[in-house]
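Residue-level structural notes
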Amino acid sequence: MEELRKSDPEIYDLIGKEERYEFDSVRLIPSENYASAAVLEATGSILTNKYSEGYPGRRYYEGQRYIDTLESLVIDRAKALFGAEHANVQPYSGSPANLAVYFGLVKPGDTIMGMALPMGGHLTHGWNVSITGTFWRSVQYNVDRETHRIDYDAVRDLARRERPRMIVCGATAYPRKIDFKAFGEIAKEVGALLLADIAHIAGLIVGGQHPSPVPYADAVTTTTHKTLRGPRGAMILCRGEHADAIDKAVFPGLQGGPHNHTTAAIGVALKEAATPEFRDYAAQIVRNAKALAEELLARGFSLVSGGTDNHLILVDLTSKKVIGKKGAKALDAAGIVCNYNTVPYDPRKPFSPSGLRLGTPAVTSRGMREPEMKQIAKWMDEAIAQAGDEAALKRISGEVAEMCHHFPAPGLSIR
Ligand code: DSN
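Here the structure is a predicted model, which means the values were calculated and not measured.

Reading guide: rules and limits
Residues numbered from 1 in each chain as written. Predicted model: local features only at pLDDT ≥ 70, side-chain atom pairs only at ≥ 80, totals over all residues. Heavy atoms only, no water. Pairing = 2+ DSSP bridges. Helix = DSSP H or I, 4+ residues; strand = E, 2+ residues; numbered from the N terminus. Contact = heavy atoms within 4.5 Å. Axes fitted to C-alpha atoms, helices over the stretch in contact; angles between N-to-C directions. Buried < 20%, exposed > 50% of the residue type's maximum accessible area, 1.4 Å probe, protein only. Near = heavy atom within 4 Å. Polar contact = N/O pair within 3.5 Å; in protein donor to acceptor, adjacent residues only side chain to side chain. Areas by Shrake-Rupley, 256 points an atom, 1.4 Å probe, with all protein chains shown as cover. Nonpolar A, V, L, I, M, F, W, Y, C, P; charged D, E, K, R; others polar. Core = buried A, V, L, I, M, F, W, Y, C linked by side-chain atoms within 4.5 Å. Patch = residues over 30% accessible without salt bridge, like charges linked within 9 Å, V, L, I, M, F, W, Y side chains within 5 Å. Salt bridge = Lys/Arg side-chain N within 4 Å of Asp/Glu carboxyl O.

Observations concerning the sheet that holds strand E11 (residues 302–303)
Strand-to-strand pairing in sheets goes through backbone hydrogen bonds, with the strands running parallel or antiparallel. Within the open sheet, the four strands sit side by side as E11-E12-E15-E14. Their pairing is antiparallel. Sheet topology places E11 and strand E14 (339–341) at the edges, where each strand pairs with a single neighbour. Pairing of strand E12 (residues 312–316) with strand E15 (residues 355–359) involves five bridges; the strand directions are antiparallel. Within the sheet, the bridge partner assigned to Asp-316 lies in E15 and is Gly-355. Packed onto the sheet, helix H11 (residues 276–298) meets E11, E12 and E15 and runs at close to 15° relative to E12.

Shown next as structure tokens:
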């Protein structure tokens, strides 16, 4: 980044510091990853210069001879990888993608039914502070109080009572597999459309580690930067019958020109995700999450639902007598980056909840495996026990950095 260094040393310096931080720390935020150098190159390409409102062959600007080919190629890759009838690769990110699906398929004031935010759902699944919980009538389902798993009978009962126009499944903090087939049956029974938000697990789905919702859902949304390891962006996959409504909802309904540099980088990520190496990666993400969960359990941590079968772990810190925010800050000081999070039926507020959310996509991208997960759990245990002891946390962060130096991260120039 020589030009940047010369023209804007301040920004250059901050990017350099962030890169160092990403290299020296164990990053356990389950929605983060390390994009490959190829994805970063496409993201930083000259495609950022071009306006392309519209869709391939139907644009409002001239000069699309390469952009049309590019977007068509990326659409074809998305359809092939997920087995979808139609793909829109223009949404700027996950929240606009979900909004576009509602805008395209649900009339204002009609009912949508998603998982409540404190139970692991997303803001855009109809939570009350989001436009999705105000512009549409929203009813929300919970997880079971004892098992912390989705209770499909309770979901069916609520759907029968409320008769939503759309049921939303998918989560941002749910450590178990989602039964998309069961959701499909419930939606069919009550005459609802089904939206599956697979932002967190898209990489696990294409890597063969989680069943796909595509056969059961009217529309599927995903971000492209989480387990899928692409640029920050999103896609909507849908049945052919909804293609027109979805495309119109994205543009001109919600957005202007697509970000062509992002579209290109999504294409690069989709190509990477279609390789045998990516399947191995997805399998290792899950093995690592299980190994981390087992070691945390062995060390007396309490895990929501008792463990994990995907990339994500939710820890309830109540038994350790530390609140989530204090725990997350202590871990950050120790070089282990995660986020504080509500746990189901949390007696505390979302801004200072009881839990921590962990995930293994990023550490797995660095080639870390089960032995490193065991070591990370040990450091976590020490850091939580010594939260507030700056010297102890600093010592741990030194050990963490030392380990990280043996695991080069995709896309970083530091080796
Ligand atoms: N912010 C994302 C996450 O961390 O899960 C969801 O949008």
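Describing the side chain of Asp-68
Here Asp-68 is to be found in helix H4 (residues 65–82). Overall, Asp-68 belongs to the buried group, its relative accessible area being 19%.

What about the environment of Tyr-55?
Following the sequence through the fold, Tyr-55 ends up in strand E2 (residues 54–55). The sequence separation of Tyr-55 and Met-115 amounts to 60 residues, and the corresponding C-alpha distance is 33 Å. If we skip the residues at most four places from it in the chain, Tyr-55 touches Asp-68, Glu-71, Asn-88, Gln-90, Asp-247, Val-250 and Phe-251.

Focus: the site of the ligand
Around the ligand sit Ser-31, His-122, Thr-172, His-200, Lys-226 and Arg-357, and that is every residue in its neighbourhood. One of the side-chain nitrogen or oxygen atoms of His-122 is found 2.9 Å away from an oxygen atom of the ligand. Contact distances for the ligand include 2.7 Å between an oxygen atom and a side-chain N or O atom of Arg-357. Against a free-state accessible area of 230 Å², the protein chains account for coverage of 64% of the ligand. Classifying every residue of the shell around the ligand gives no nonpolar, four polar and two charged.

Some remarks on the environment of Leu-412
Among the secondary structure elements, Leu-412 is positioned in the segment after helix H15 (390–404). Residue classification places Leu-412 among the buried positions, given a relative accessible area of 11%. Counting along the chain gives 274 residues from Leu-412 to Ser-138, while the straight-line C-alpha distance between them is 42 Å. Leaving out residues up to four positions away in the same chain, Leu-412 has contacts with Glu-19, Glu-22, Phe-23 and Tyr-34.

Describing the nonpolar core
Counting residues in each nonpolar core, the largest one holds 62 residues, and the members touching the most others are Phe-82, Ile-150, Ile-167, Phe-183 and Ile-198. If you look at the next biggest cluster of nonpolar residues, it comprises 36 residues, including Ile-313, Val-322, Ile-336 and Phe-407.

Side note on a nonpolar patch on the surface
Taken together, the side chains of Met-1, Ile-11 and Ile-15 define a hydrophobic patch exposed on the protein surface, amounting to about 280 Å² of accessible area. In this fold, Met-1 is placed in the segment before helix H1 (2–7). Take Met-1: its relative accessible area is 59%, and that puts it in the exposed class.

Brief notes about the pairing of strand E9 (residues 219–223)
Counted residue by residue, E9 has five buried out of five residues, so it is predominantly covered. Of the two faces of E9, the one carrying Ala-219, Thr-221 and Thr-223 and the one carrying Val-220 and Thr-222 are both buried. The pairing of strand E8 (residues 193–197) with E9 spans three bridges and is parallel. Residue pairing in the sheet places Ala-196 in a bridge with Val-220 of E9. As defined by bridge partners, E9 adjoins strand E10 (residues 234–238) across five bridges and the pair is classed as antiparallel. Considered in E10, the bridge of Thr-222 is made with Met-235.

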